[in-house]
Amino acid sequence: DLAVANYTSNNVSVLRGSPIGTFAPAVNYATGRGSISVVVADFNADGRPDLAVANYFDNNVSILRGNSAPNAGTFQLVGGYGTAGGGPWSVAAGDFNGDGRPDLAVANLSSNNLSILLGNAAGAFAPAVTYATGTSPDFVVIGDVNGDGRPDLAVSSYATNTVQFYTGNGDGTFTSGGFQYVLVGANPYCVALADFNGDGTPDLAAANYGGGSVSILLGNPAAGTFLPMVLYGPDSYDVYSVAVGDFNGDGHPDFVAGFDFDLNDPGQIDLSYGSPDGTFHESGFPIFTGGFFPVFIAVGDFNGDGRPDLAVANSGSNNICILLGNPNTGFSPPVTYAVGAVPISIAVADFDGNQSLDLAVTNRDSNTVSILFGNGNGTFQAAVNYPVPVHPFSVAVLNFGRDLAVATNGDLDPGGVSILRGDGEGGFLPPVNYLAGFGPISIVVGDFNGDGRQDLAVANSCGNNVSILLGSPDGTSFRAAGSYAVGQIPASVAVGDFDGNQTLDLAVVNSYGNNVSILLGNTDGTFRPAVNYPAGSYPNSVAVGDFNGDGRPDLVIANIFDSDVSVLLNRSPASYPAPTIIQQPRASEFVQPGQTAGFSVVANGHGRTLTYQWRKNGVPIANGGRFSGATSPTLTIAQALPSDAAAYDVRISAPGCGGGMVVTTSSPGTITVIGNPACTADFNHDGAVNSQDFFDFLNAFFAGCP
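One numbering rule holds for all chains: residues counted from 1, following each sequence as written. With the structure being a predicted model, the display of local features is reserved for residues of pLDDT at least 70 and the display and counting of side-chain atom pairs for 80 or more, all residues being used for whole-chain, interface and lining totals. Based on all heavy atoms of the structure, the side-chain values leave hydrogens and waters out of the count.

*Asks:* Let's hear about the overall build of the protein chain: which residues, and what values?
*Replies:* Put simply, DSSP H or I for four residues or longer makes a helix, DSSP E for two residues or longer makes a strand, and each gets a number counted from the N terminus. For the protein chain, the helix and strand inventory stands at one helix and 63 strands. A total of 706 residues make up the protein chain; the buried ones form 49% of that total. Contacts were defined at the residue level, with two residues in contact if any of their heavy atoms lie within 4.5 Å. Once local pairs closer than 6 in sequence are excluded, the contacts in the protein chain between residues at least 24 apart make up 41%. Surface accessibility in these figures is a Shrake-Rupley result with a 1.4 Å probe; residues are shielded only by whichever protein chains are displayed. Carbon and sulfur atoms make up 55% of the accessible area of the protein chain, which amounts to about 29,100 Å² in all. Think of it in three bands: residues with accessible area under 20% of the maximum for their type are buried, residues over 50% are exposed, and the middle band is partly exposed, with areas taken using a 1.4 Å probe on protein chains only.

*Asks:* Would you mind going over the sheet that holds strand β1 (residues 2-6) in detail, with residue names and values included?
*Replies:* For two strands to count as paired, DSSP must find a minimum of two bridges between them. The antiparallel open sheet is built from three strands, whose spatial order is β1-β2-β3. Across the chains shown, the open sheet's two edge strands, defined by having one partner strand only, are β1 and β3 (27-30). In this sheet, adjacent strand axes meet at a mean angle of 25° when their direction is disregarded. Inspection of the sheet shows strand β2 (residues 11-15) paired to β3 by four bridges, in the antiparallel sense. Among the inter-strand pairings, V12 is bridged to a residue of β3, identified as Y29. Angles shown run from 0 to 180 degrees and are taken between the N-to-C directions of axes, each axis being a line fitted to C-alpha atoms and, for helices, limited to the stretch in contact.

*Asks:* Tell me about the side chain of Q164, and name the residues and values.
*Replies:* Within the secondary structure layout, Q164 lies in strand β14 (residues 162-168). Overall, Q164 belongs to the buried group, its relative accessible area being 3%. In protein, a polar contact requires one atom able to donate a hydrogen and another able to accept it; more generally it is a pair of N or O atoms within 3.5 Å, and residues adjacent in sequence count only if both atoms are side-chain atoms. A distance of 3.2 Å separates a polar atom in the side chain of Q164 from the backbone nitrogen of G134.

*Asks:* Please set out the nonpolar core residue by residue, giving values where relevant.
*Replies:* Ranked by internal contacts, the top residues of the largest apolar core, which has 23 residues, are L635, Y648, I652 and I671. Secondary structure elements with two or more residues in this core: β55 (597-600), β57 (611-616), β60 (634-637), β61 (646-655) and β63 (669-673). For this core, the leading source of residues is β61, giving five residues. Not counting chain neighbours up to four residues away, the residues in contact with L635 comprise A597, G598, F599, W614, I621, F627, S628, G629, A630 and Y648. The next biggest cluster of nonpolar side chains, apart from the first, holds 19 residues, and it includes V295, Y337, I346 and V361. What is meant by a nonpolar core is a set of buried Ala, Val, Leu, Ile, Met, Phe, Trp, Tyr and Cys residues, joined one to another through side-chain atoms within 4.5 Å.

*Asks:* Provide a residue-level description of the packing of aromatic side chains, including the pertinent values.
*Replies:* Centre-to-centre distance and the angle between the planes together describe a pair of aromatic rings. Under the pairing criterion, centres of Phe, Tyr and Trp rings, with the six-membered ring standing for Trp, must be within 6.5 Å; the plane angle then separates stacked pairs below 30 degrees from edge-to-face pairs above 60, leaving the rest tilted. One pass over the full model with this rule turns up 22 aromatic pairs. Considering the side-chain rings of F599 and Y648, the 5.8 Å spacing of their centres and the 35° angle between planes classify their relative orientation as tilted. With F599 in strand β55 and Y648 in strand β61, this pair connects stretches of sequence that are 49 residues apart. Comparing F599 with Y648 shows no difference in burial state: the two are buried. Here a set of aromatic residues connected by ring pairs shows up, and it is made of Y7, Y56, F57 and W89.

*Asks:* Can you tell me about the pattern of salt bridges, naming the residues and giving the values?
*Replies:* Between Lys or Arg on one side and Asp or Glu on the other, a salt bridge is scored when a side-chain nitrogen of the former is within 4 Å of a carboxyl oxygen of the latter. Tallying each qualifying case throughout the model produces twelve salt bridges. Note that D305 is salt-bridged to R307, the shortest N-O span being 3.1 Å. Here D305 falls in the partly exposed class, since its relative accessible area comes to 30%. Residue R307 is classed as partly exposed on the basis of its relative accessible area, which comes to 32%. Across the pair D403 and R421 runs a salt bridge whose closest N-O atoms are separated by 2.9 Å. Residue D403 is located in strand β39 (residues 403-408), and its partner R421 is located in the loop between β40 (414-420) and β41 (432-438); the two are separated by 18 residues in the primary sequence.

*Asks:* Provide a residue-level description of the pairing of β2, including the pertinent values.
*Replies:* Regular strands have side chains that alternate between both faces of the sheet. Counting buried positions over the five residues of β2 gives four, a clear majority of the element. Between β1 and β2, which pair antiparallel in sequence order, lie four residues; one of them, N10, sits at a positive phi of approximately 60°.

*Asks:* Residue-level account of the sheet that holds strand β47 (residues 505-510), with values.
*Replies:* Overall, antiparallel pairing links the four strands, which are arranged β46-β47-β48-β49 in an open sheet. The strands lining the two open edges of the sheet, one partner per strand, are β46 (490-496) and β49 (531-534). Adjacent strand axes in the sheet meet at a mean angle of 25°, parallel and antiparallel pairs treated alike. Where β46 meets β47, six bridges bridge the pair, whose relative direction is antiparallel. Residue pairing in the sheet places V495 in a bridge with L506 of β47.

*Asks:* Provide a residue-level description of the environment of A257, including the pertinent values.
*Replies:* Structurally, A257 is set in strand β24 (residues 254-260). The exposure class of A257 is buried, given its relative accessible area of 4%. Separated by eleven residues in the primary sequence, A257 and Q268 have C-alpha atoms spaced 8.3 Å apart. In contact with A257, other than residues within four places in its own chain, are V239, S241, V242, Q268, I269, D270, I297 and V565.

*Asks:* Tell me about the layout of surface pockets, and name the residues and values.
*Replies:* Its volume calculated, the largest pocket comes out at about 1,400 Å³. Computed over the protein atoms alone on a 1 Å grid, cavities are sets of points where a 1.4 Å probe fits but cannot get out and pockets are open sets with protein on both sides within 12 Å along at least five of seven lines; a residue lines them when it has an atom within 4 Å of a point. Along the walls of the largest pocket sit 48 residues, with F296, S345, S442, S492 and S541 positioned nearest its centre. In the lining of the largest pocket, the residues fall into 35 nonpolar, eleven polar and two charged. Grid points are joined across faces, edges and corners, and a volume is the space filled by probe spheres set on the points. Note on residue categories: nonpolar means Ala, Val, Leu, Ile, Met, Phe, Trp, Tyr, Cys or Pro, charged means Asp, Glu, Lys or Arg, and polar means any other residue, Gly included.

*Asks:* How would you explain unusual backbone geometry if you had to name every residue and give the values?
*Replies:* You will see that N10, though not glycine, has its phi angle at about 60°, which is positive. Along the chain, the position of N10 falls in the loop between β1 and β2. Residue N10 is classed as partly exposed on the basis of its relative accessible area of 31%. For Q502, which is not glycine, the phi dihedral falls at a positive 65°. Topologically, Q502 is positioned in the loop between β46 and β47. Classification of Q502 by relative accessible area gives exposed; the value is 65%.

*Asks:* Residues and numbers for the environment of L372, please.
*Replies:* Relative to the elements of secondary structure, L372 occurs in strand β36 (residues 368-372). Separated by 14 residues in sequence, L372 and D358 have C-alpha atoms that sit 5.8 Å apart. With residues near it in sequence (within four places) discarded, L372 still touches I320, Y337, V339, D358, L359, V361, F380, Q381 and A383.

*Asks:* If you had to explain the confidence of the model for the protein chain to someone new, which residues and values would you point to?
*Replies:* A score between 0 and 100, pLDDT records how confident the predictor is in each residue. When pLDDT is averaged across the protein chain, the result is 86; 90% of the residues are at 70 or more. Note on residues 676-680: pLDDT is under 50 here. Beyond four places in sequence and across chains, it has eight contacts.

*Asks:* Go over the side chain of S13 with me, naming the residues and quoting the values.
*Replies:* Inspection of the secondary structure assignment puts S13 in strand β2. Here the side chain of S13 touches N28 through a polar contact of 2.5 Å, side chain to side chain. When sequence neighbours within four positions are dropped, the list of residues in contact with S13 reads L2, A3, V4, N6, A26, V27 and N28.

Shown next, in the form of structure tokens:
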């Protein structure tokens with residue numbers, strides 16, 4: 001049979017099925033206003049199915065009890081139960097507290113929460129208990145997501161394109177912590193849990209109303225989480241920007257990518273964690289930018305807690321947002337600041353010299369640069385605007401934060417670079433302008449000719465080239481030094497020593513060419529012809545990082561039309577060899593409690609300064625207490641304890657190309673803490689003195705051992 005909730009007629013239709021697959025005409029039963037969802041269960045344990053109907057406008061759930069023979073298959077309304085939330089939109093039934101009676105879970109669309117109503121033996125329900133959800137929760141489904149045998153809940157949020165999970169505790173309560181969210185397609189309207197690949201782990205399907213697609217996320221049985229989604233259908237999202245940083249503090253570079261689904265969807269950040277082999281996995285946390293079109297992401301520690309934070313330019317909402325690093329959820333909720341019209345690029349530096357990072361933001365349509373001074377605690381003062389020539393697209397920092405270089409795109413006229421010199425108080429003087437190429441869109445700073453002065457490289461979107469401006473000997477001006485052809489419609493330029501010859505090179509992504517151009521630098525500030533490497537569809541942003549720890553800079557590229565990022569690992573010959581270990585630590589050392597223990601290593605850095613980090617069972621050791629020399633060639637452990645028995649090794653690092661590091665790890669040495677201080681004759685290190693020690697001593701003596 002079928003039960004159908006009718007939103008506009010405020011009732012539920014029951015259609016009784018026949019053995020041949022047809023249905024009798026509908027019989028309607030009054031419910032409440034805006035009946036939107038119905039679930040079937042035997043709430044009073046009489047062996048007959050009952051109905052629970054969510055009523056959007058009445059903020060309650062109606063219970064219709066199934067009648068007995070001779071009226072079996074008919075229903076009577078027995079009452080309603082408030083959801084303690086606004087706009088109940090979806091209802092599901094399951095036994096959440098293990099008492100054998102069905103309970104209810106209700107997603108409340110208007111109040112952004114989830115209601116739990118526990119059933120009793122009489123078929124009635126206890127008052128609702130609510131849990132916060134994402135924005136506009138529109139569907140709830142029940143399943144054992146983490147494999148503990150207790151029912152969990154998955155709730156889709158229409159406005160945030162996510163599904164949130166609530167872990168069942170088995171007593172009728174739920175926990176929303178740790179792993180909470182997964183990203184799905186645009187405007188999920190219905191979700192289901194099922195084992196699609198037959199591995200015994202629930203998988204997730206989400207029907208996406210806004211994208212006309214279905215998201216499939218396969219369950220990860222090892223972690224009780226889900227793998228990144230695969231979209232079926234036309235749904236897509238635009239990836240505008242990418243930036244690199246170690247956001248989880250594990251020593252491996254991660255990346256963030258800014259994207260949105262369509263014109264009406266808020267911008268989001270996708271956080272992907274790096275692995276030692278250069279691969280990545282998504283964090284699973286939805287990170288919202290508080291605006292639209294997140295076209296640029298800058299990284300810096302804005303609150304001084306040692307964790308990287310983000311500043312995001314939301315070009316569609318004329319603001320920037322600050323996302324402070326959070327070890328539990330990736331980043332804290334966004335805080336926005338108004339800037340000019342269509343912000344499109346951000347630079348980070350301490351402009352006023354107060355030891356706190358400030359921001360410079362180019363505003364394309366208001367022809368200004370906004371300066372936001374940081375307070376040192378992650379907050380910023382209101383923007384101060386400085387006029388520049390038409391359509392500023394990109395900004396870079398000069399002279400250690402004192403000055404700014406702004407690429408200004410003069411439509412079809414030759415564009416240029418505006419230099420804003422600092423006034424010494426955090427402000428800036430009127431711009432001095434230099435010609436570049438047609439359509440300057442991205443600018444970077446570097447010493448390209450090795451004279452100790454900063455030079456500029458500008459990607460020109462209409463000229464399909466890169467302009468080089470070399471700094472003058474007095475450091476006060478720039479001179480044009482030629483241009484170099486790249487691909488079609490260059491969009492972003494980055495700098496790094498890609499071939500390891502201690503000379504800076506350029507990477508330029510070309511939107512129409514769907515590739516990245518690599519221009520290797522010469523020592524005189526000139527560049528070799530571009531070599532192109534494939535990227536995705538319409539690449540728009542490029543960032544540099546050593547993703548696989550080999551000391552060579554790699555690339556990550558945001559592809560707008562492919563809704564993804566490309567990671568290109570550097571395969572150039574290693575010009576910077578890893579440190580060579582000449583003398584490894586001793587393989588083993590036996591000490592008694594209270595004695596001094598330790599290891600030493602001798603290494604060759606091939607002319608470069610080495611850094612050391614000793615580890616105990618793979619965990620870095622900090623200097624202090626009984627440990628000294630943890631960051632030197634010799635590790636010393638004073639007054640050894642039984643807990644010091646472990647395997648010790650040292651990671652030895654030397655500078656690689658492009659700011660990366662090349663690392664060598666020593667072979668391990670083990671410490672064994674034996675006996676006690678009184679057992680001075682324990683020759684065989686078994687912790688006891690007995691006749692065997694005497695025989696071992698004699699054997700060693702006659703063998704000539706010291």
